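# Structural description and commentary
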Amino acid sequence: QVQLVESGGGLVQAGGSLRLSCVASGSISSIYAMGWYRQVLGKQREVVAVVRSGDSTNYADFVKGRFTISRDNAKNTVYLQMNSLKPEDTAVYYCNAKGLRSSGLVDYWGQGTQVTVSS
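Residues numbered from 1 in each chain as written. Predicted model: local features only at pLDDT ≥ 70, side-chain atom pairs only at ≥ 80, totals over all residues. Heavy atoms only, no water.

So, about the sheet that holds strand 1 (residues 2–7). As summarised here, the arrangement of the four strands in space is 1-3-8-7, forming an open sheet in which the pairing is antiparallel. The open sheet is flanked by strand 1 and strand 7 (67–72), the only strands paired with a single partner. Averaged over all pairs of adjacent strands, the angle between strand axes in this sheet comes to 20°, irrespective of strand direction. The pairing of strand 7 with strand 8 (residues 77–82) spans six bridges and is antiparallel. Within the sheet, the bridge partner assigned to Phe67 lies in strand 8 and is Met82. (Pairing = 2+ DSSP bridges. Helix = DSSP H or I, 4+ residues; strand = E, 2+ residues; numbered from the N terminus. Axes fitted to C-alpha atoms, helices over the stretch in contact; angles between N-to-C directions.)

Here it is, written out as C-alpha cells:
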C-alpha cells in the first residue's frame, strides 16, 4: 500500500502562484509514476501533470508553460508549482501514484487539496 498526503492548496488571486506538495509513504518502491489531477464538482477528474521514473514529464495543454511538476526522491515528495493561476484553475487537486503490484497496476490517491483562484 501507498499513502499520499497533499498540502499547499489555498486561496490566491488570479496571476498568483501556489506550490502543492505530495508526500508518499509505504510501498514506494512499487511506484513508477506520480502525478497531479484535478476535479471540479460535477465534472470528471482530469490529469494535470505526470512525472515518471527517469523524470520524463507530461502536461495537460491547459497548464503548459504555467505549471511545473517535479519530485525529490530523497523526500519521497512530488511538487506542482503553479504560476499565472487563472480562475478556471479552481478545483480540488489530487495527488496520484501509479504502482505495480503482483496483482497488476494500481492507482493510489491522496485526499485532495482545494485550490481557489479569485478573479
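Next up on the list: the side chain of Arg38. In this structure, Arg38 sits in strand 4 (residues 31–39). A relative accessible area of 7% places Arg38 in the buried class. At a separation of 2.9 Å, a polar atom in the side chain of Arg38 contacts the side chain of Asp89. In this view, Arg38 contacts Gln44, Arg45, Glu46, Val48, Phe62, Val63, Phe67, Glu88, Asp89, Ala91, Val92 and Tyr93; residues no more than four positions away in its chain are not counted. (Buried < 20%, exposed > 50% of the residue type's maximum accessible area, 1.4 Å probe, protein only. Polar contact = N/O pair within 3.5 Å; in protein donor to acceptor, adjacent residues only side chain to side chain. Contact = heavy atoms within 4.5 Å.)

Now for the packing of aromatic side chains. Within the structure shown, the criterion is met by one aromatic pair. The ring of Tyr94 carries Arg45 above its face, with NZ or CZ at 3.7 Å from the centroid. Its end group placed over the ring of Trp109, Arg45 keeps NZ or CZ at 4.5 Å from the ring centre. (Phe/Tyr/Trp six-rings, centres within 6.5 Å; stacked < 30°, edge-to-face > 60°. Lys NZ or Arg CZ within 6 Å of the ring centre and 35° of its normal.)

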